[in-house]
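The residues making up each chain are set out below.
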Amino acid sequence: MEASVGRSEDVLETGTRADGPDTESRVTVRVNGASHTVEIDHRTTLLELLRENVGLTGSKKGCDHGQCGACTVLLEGRRVNSCLLLAVAQEGYEIVTVEGLIEAAGADGDLHPLQRAFLDREAFQCGDCAPGQLCSAVGMLAEAKSGQPSVVTETDLPTDAPVRLTTEEIRERLSGNPCHCGAYSSIVNAVQDVIA
Ligand code: FES
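Per-chain numbering applies: the sequence of each chain, read as written, is numbered from 1 onward. With pLDDT at 70 or above as the cut-off, local features in this predicted model cover only qualifying residues; side-chain atom pairs require 80 or more to be listed or tallied, and sums for whole chains, interfaces and linings still use all residues. Values shown for side chains rest on all heavy atoms present in the structure; no hydrogens or waters enter the calculation.

Once that is clear, we can look at the layout of surface pockets. Counted as a void, the largest pocket has a volume near 230 Å³. In this structure, the largest pocket is lined by 16 residues; those nearest its centre are Arg79, Ser136, Glu172, Arg173 and Gly176. Secondary structure elements are defined from DSSP: runs of H or I of at least 4 residues count as helices, runs of E of at least 2 residues count as strands, and each element is numbered from the N terminus. Contributing elements (two or more residues each) for the lining of the largest pocket: strand E5 (78-81), helix H4 (130-145) and helix H5 (167-173). With three residues, the single largest contributor to the lining of the largest pocket is E5. Three classes are used: nonpolar for Ala, Val, Leu, Ile, Met, Phe, Trp, Tyr, Cys and Pro, charged for Asp, Glu, Lys and Arg, and polar for all others, with Gly counted as polar. Class assignment of the residues belonging to the lining of the largest pocket gives a composition of three nonpolar, nine polar and four charged. Here a cavity means grid points, on a 1 Å grid over the protein atoms only, where a 1.4 Å probe fits yet cannot get out; a pocket means an open set of points with protein on both sides within 12 Å along at least five of seven lines; lining residues are those with an atom within 4 Å of a point. Grid points are joined across faces, edges and corners, and a volume is the space filled by probe spheres set on the points. Taken as a whole, the second largest pocket holds about 150 Å³ of empty space. Considering the residues around the second largest pocket, the lining is formed by Val152, Thr153, Glu154, Leu157, Pro162, Val163, Arg164, Thr166, Glu168 and Glu169.

Next up, the structure:
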């Protein structure tokens, strides 16, 4: 990350400008396998960077407070609410958005198996939560595979053993991504199709 500075006469010995601290920096982020270098205000969230600087509008701004999950993306393979993260702190990390799930599938721009399952099961209505649901579900599958328990996981399972994704597990693990259309049953069915 490279902090932008004002004219040299404005720079104090402490590294701050005469009219206050620097408020913008140039950062390079990796999104869906491509690098993007942008000049951004330090207050820019990762969600805003993705939508407004990189032009990937699949991730949605719902609550902007970490409550709705519509902005969920994968950061180093882990699902995060991008509205809660400052973009300047994400330099060097691999970020995958719902648009990047297609590339992750590998073959000829095919949809990710979860994207295909969501379509087959009609696991959405208005679609506003679907990008977040999909990224969250991808992260959730990896968490369960690595043995990370949820609050409903049986406690007598061996450590690091993959967690069996029962309906209860799936519902609990995706509870951070509410669907206002109530497509929950179809979402669970879609996830179960992929793990079957
Ligand atoms: Fe990020 Fe709602 S927009 S959680």
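Next, the rest of the story.
One non-glycine residue, Asn32, adopts positive backbone phi at about 50 degrees. For Asn32, the location among the structural elements is in the loop between strand E2 (24-31) and strand E3 (34-41).

This next bit is on the confidence of the model for the protein chain. The score called pLDDT rates the predictor's confidence residue by residue, from a low of 0 to a high of 100. When pLDDT is averaged along the protein chain, the result is 89, and 86% of the positions lie at 70 or above. Contacts between residues were defined by any pair of non-hydrogen atoms, one from each residue, lying within 4.5 Å. Low pLDDT, under 50, characterises residues 4-16; the stretch is placed with 16 contacts to residues that sit more than four places away or in other chains.

Turning to the nonpolar core, a few remarks are in order. By size, the foremost hydrophobic cluster in this structure holds 25 residues, and its most contacted members are Leu114 and Val191. For this core, the elements supplying multiple residues, two or more each, are helix H3 (113-120), H4 and helix H6 (184-195). The leading source of residues in this core is H4, at seven residues. Not counting chain neighbours up to four residues away, the residues in contact with Val191 comprise Leu114, Ala137, Met140, Leu141, Ile170 and Leu174. What we call a nonpolar core is a set of buried Ala, Val, Leu, Ile, Met, Phe, Trp, Tyr and Cys residues that are connected through their side-chain atoms within 4.5 Å. Buried means the residue's accessible area, taken with a 1.4 Å probe over protein chains only, is under 20% of the maximum for its type, while exposed means over 50%, and partly exposed covers the values in between.

Turning to the pairing of E3, a few remarks are in order. At least two bridges found by DSSP between two strands are what make those strands a pair. Here E2 pairs with E3 via eight bridges, running antiparallel. Bridging across to E3, Val27 finds its partner in Val38.

Turning our attention to the packing of H4 against H6. Fitting a line to C-alpha atoms yields each axis, with helices limited to the stretch in contact; the angle taken between N-to-C directions then spans 0 to 180 degrees. Remark: H4 packs on H6, axes separated minimally by 12 Å, with the N-to-C direction vectors making an angle of 40 degrees. By the angle between their directions, the pair H4 and H6 is classed as oblique. For H4 against H6, the interelement crossing comes out right-handed. Where H4 abuts H6, its residues Gln133, Ala137, Met140 and Leu141 lie against Ile187, Val191, Val194 and Ile195. Of the residues that constitute the contact of H4 with H6, the class distribution is seven nonpolar, one polar and no charged. Any angle that is under 35 degrees is reported as roughly parallel, and any over 145 degrees as roughly antiparallel; angles of 65 to 115 degrees are reported as roughly perpendicular and all others as oblique. The handedness criterion is simple: a crossing whose near helix is rotated anticlockwise from the far helix by less than a right angle is left-handed, and one whose near helix is rotated clockwise is right-handed.

This brings us to the packing of H3 against H4. The geometry of H3 relative to H4 is characterised by a closest axis approach of 10 Å and an angle of 125 degrees between their N-to-C directions. As judged from the angle between their axes, H3 and H4 are oblique. Handedness of the H3/H4 crossing: right-handed. Contacts from Leu114, Gln115 and Phe118 of H3 reach H4 at Gln133, Leu134, Ala137, Val138 and Leu141.

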